[in-house]
Amino acid sequence: MKFGEIPIDAAEGAILAHAHRDGGLNFAKGRRLSADDVGKLKSAGITRVVGATLDPEDVHEDEAARAIALAAGGGGLTPTAPFTGRANLFASAAGIVTVDVARIDALNALDEAITIATLPAFAVVTPKQMVATIKIIPFAAPRTAVQRALDLIGSTPLVAVAAFQPLKAGLVQTSLPGTRAKVLDKAVETTRARMMGIGGTLQGERRVAHDEAAIARAIEELKAEGCDLFLVAGASAIVDRRDTVPAGIEAAGGRINHFGMPVDPGNLLLMGEIDGAPAIGLPGCAKSPKFNGFDYVLQRLAARLPVGPREVMGMGVGGLLSETTSRGVPRAATSAKEENQVAEAPPRAPRIAALVLAAGRSSRMGGPNKLLAEIDGKPMVARAVAAALASQAVSVTVVLGHMAAEVRAAVASLGASADKVGFVENPDFADGLSASLRAGLGALPADVDGVLVCLGDMPAVSSAQLDRLIAAFNPVEGRSICVPTVGGKRGNPVLWDRRFFAEMTGVSGDSGAKHLIGEHADLVCEVEMGSEGVLIDLDTPEALAAFRARATEAA
């Protein structure tokens, strides 16, 4: 890769190193300059630009990030489309992160151009939470370095999420003279909340005397109720393998595997099993909702990860737990004090809704509703909706108006997937695109971070292109409006941050919210697509016929 100043006459194909926003131009860093871009820069009096030109032995940053992300991520992870050399891996289910620390260190040592960052090993994650990010530092990575990274990964991923699987816990609590029922009640609620946090349930509970025979009988009863995890909380702390709680587990036919752990609080935890099911003698701190050593063990059991003596004894580093950080699965705070102890929310995938505008009258089509026109046997609007459904959008809403029943039926032709589509009718569809935009925005889920405004007459837009726009979206980094481009020409759909929803509902006429792009140029991110689907809208019979002909040729 060559980097530095480039004469403007030789800049076509170069990657712009610094944003250029002057003279009516708004070229972002990383833009690959087209012939048209070069012409505009020359017209603005620019004679040289700073940028990079790639050699045959270079791999573009996005291509390299995508290849490494696909190889590095294992089960329980969903990769995003790459953007600016970054590809993220998000959890697809709640669970525990597993990390091959040694090989990740080795990959990061291969070449300074290639990096991967992950959450700590055994971190608990929720769906859509970011688990890892692959970032190519310059605009390209050496092809040899990318290949070495892929060879190092091979067929064994570097990071994965072991999803929580349901556990049905049985809780036995013992009592001594003076034990208060209120304390036992609180322990039940704390245990129930812990189990819910890992996708499990508290199946049953028993309160018995602090006696090994009573403990054994309670365990037998809970076993009959279908419990597959046995928790025994003694009224007095376990101080030895031969104490009352471990003796009760053995009397129920179980065995003790390990006593004690290098985690504080949680030192006095006892590990055992009964007929292959885990049996845990709880430390006193397990009655508190604060994170402790019991949480470490419980989370790994729920994720079906090994948690024997070797694993427990390996918990010492990091085992001195802070009292002001919540490390477990998030639970509702029970007091103002606990509210202040909840850690900052971890990075997660943006919640982007897809809004398909399909209310128009097709006036330029000269009669029939273009949205119902078939292309390769599928109605045009159904193709647009199918792309949205296949994307990483969290919801798909279709705005109906003209011939609403027929358009709804066309979407229903998608079969079972159409059940995931929401509909809203725009009675003012004759007022133009802005009316449909208002109706659609009002129907979106309240918790979305942004919206992809899709047009029902753009059947060549793919789910991959929608995902690329979602990958580019990052308001923190100034990418609040994501616009697809092909060779510098802007198209649709556009992704909008929710901060613009109020302004978007105030537009009028048939031009939608286009003027807002110009008014917020500093927040606009142009996303190069490479294929013209984002530029093709079918407004006339001639355009439809030409598109059908190209589709037939491609088939």
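Refer to the preceding data block for the structure.
Heads up: these notes are all about the structure in this document. (Residues numbered from 1 in each chain as written. Predicted model: local features only at pLDDT ≥ 70, side-chain atom pairs only at ≥ 80, totals over all residues. Heavy atoms only, no water.)

1. Topic: the overall build of the chain
Part 1: Looking only at helices and strands, one finds 17 helices and 30 strands in the chain.
Part 2: Considered along the principal axes of its C-alpha atoms, the chain spans approximately 85 × 55 × 45 Å.
Part 3: Taken over 555 residues, the chain has a buried fraction of 49%.
Part 4: Partitioning the intrachain contacts of the chain with sequence separation of at least 6 by distance along the chain shows that 70% fall at a separation of at least 24. (Helix = DSSP H or I, 4+ residues; strand = E, 2+ residues; numbered from the N terminus. Buried < 20%, exposed > 50% of the residue type's maximum accessible area, 1.4 Å probe, protein only. Contact = heavy atoms within 4.5 Å.)

2. Concerning the side chain of Arg-479
Part 1: When you line up the elements, Arg-479 lands in the loop between α14 (463-472) and β27 (481-486).
Part 2: By relative accessible area, which is 14% here, Arg-479 ends up buried.
Part 3: Within the local environment of Arg-479, its side chain forms a polar contact with the backbone oxygen of Ala-472, the two atoms lying 2.6 Å apart.
Part 4: Only 2.9 Å separates the side chain of Arg-479 from the side chain of Glu-477, close enough to count as a polar contact.
Part 5: Residues in contact with Arg-479, not counting those within four places in the same chain, are Phe-83, Ala-472, Phe-473, Asn-474, Leu-523 and Cys-525. (Polar contact = N/O pair within 3.5 Å; in protein donor to acceptor, adjacent residues only side chain to side chain.)

3. Quick word on the pattern of salt bridges
Part 1: Summed over the entire model, instances satisfying the criterion amount to 25 salt bridges.
Part 2: Residue Lys-42 pairs with Asp-9 through a salt bridge whose shortest N-O separation is 2.8 Å. Of this pair, Lys-42 sits in helix α1 (residues 35-43) while Asp-9 sits in the loop between β1 (2-7) and β2 (15-16), and the two are 33 residues apart along the sequence.
Part 3: Judged by relative accessible area, which is 63%, Asp-9 ranks as exposed. (Salt bridge = Lys/Arg side-chain N within 4 Å of Asp/Glu carboxyl O.)

4. Considerations on the pairing of strand β15 (residues 168-175)
Part 1: With 6 of its 8 residues buried, β15 lies for the most part within the structure.
Part 2: Relative to strand β16 (residues 201-209), β15 runs parallel, the two sharing 8 bridges. Note that in β16 the partner of Thr-174 across the bridge is Val-208.
Part 3: Summarising the sheet, β15 and strand β17 (residues 229-233) pair through 5 bridges and their orientation is parallel. Its bridge partner being in β17, Val-172 is matched across the sheet by Val-232. (Pairing = 2+ DSSP bridges.)

5. Details of the side chain of Ser-436
Part 1: Assignment of secondary structure puts Ser-436 in helix α13 (residues 433-442).
Part 2: On the basis of relative accessible area, Ser-436 is assigned to the buried category, the value being 4%.
Part 3: Every residue in contact with Ser-436, bar those within four places of it in the chain, is listed here: Leu-357, Ala-359, Val-399 and Asn-426.

6. Thoughts on empty space enclosed by the protein
Part 1: In total, this model carries 3 cavities of 30 Å³ or more according to the counting rule given.
Part 2: Of the voids in this model, the largest cavity is the one considered here, and its volume is about 80 Å³.
Part 3: Lining the largest cavity, in full, are Ala-384, Ala-387, Ala-388, Cys-454, Leu-455, Met-458, Val-461, Leu-466, Asn-492 and Pro-493.
Part 4: Looking at the lining of the largest cavity, the elements with two or more residues in it are α11 (380-390) and β26 (450-455).
Part 5: Considering every element that reaches the lining of the largest cavity, the biggest residue donor is α11, with 3 residues.
Part 6: Tallied by class, residues from the lining of the largest cavity come to 9 nonpolar, 1 polar and no charged. (1 Å grid on protein atoms, 1.4 Å probe; cavity = no way out; pocket = protein on both sides within 12 Å on 5 of 7 lines; lining within 4 Å. Points joined across faces, edges and corners; volume = space filled by probe spheres on them. Nonpolar A, V, L, I, M, F, W, Y, C, P; charged D, E, K, R; others polar.)

7. What to know about the packing of α11 against helix α12 (residues 404-412)
Part 1: Interaxial distance between α11 and α12 falls to 8 Å at its minimum, and their mutual angle equals 55 degrees. Regarding the angle of α11 to α12, the classification is oblique. Crossing handedness for the pair α11 and α12: right-handed. On the side of α11, the interface is formed by Val-381, Ala-382 and Val-385, while α12 contributes Val-407, Ala-410 and Val-411. (Axes fitted to C-alpha atoms, helices over the stretch in contact; angles between N-to-C directions. Parallel < 35°, antiparallel > 145°, perpendicular 65-115°, else oblique. Left-handed = near helix turned anticlockwise from the far one by under 90°.)

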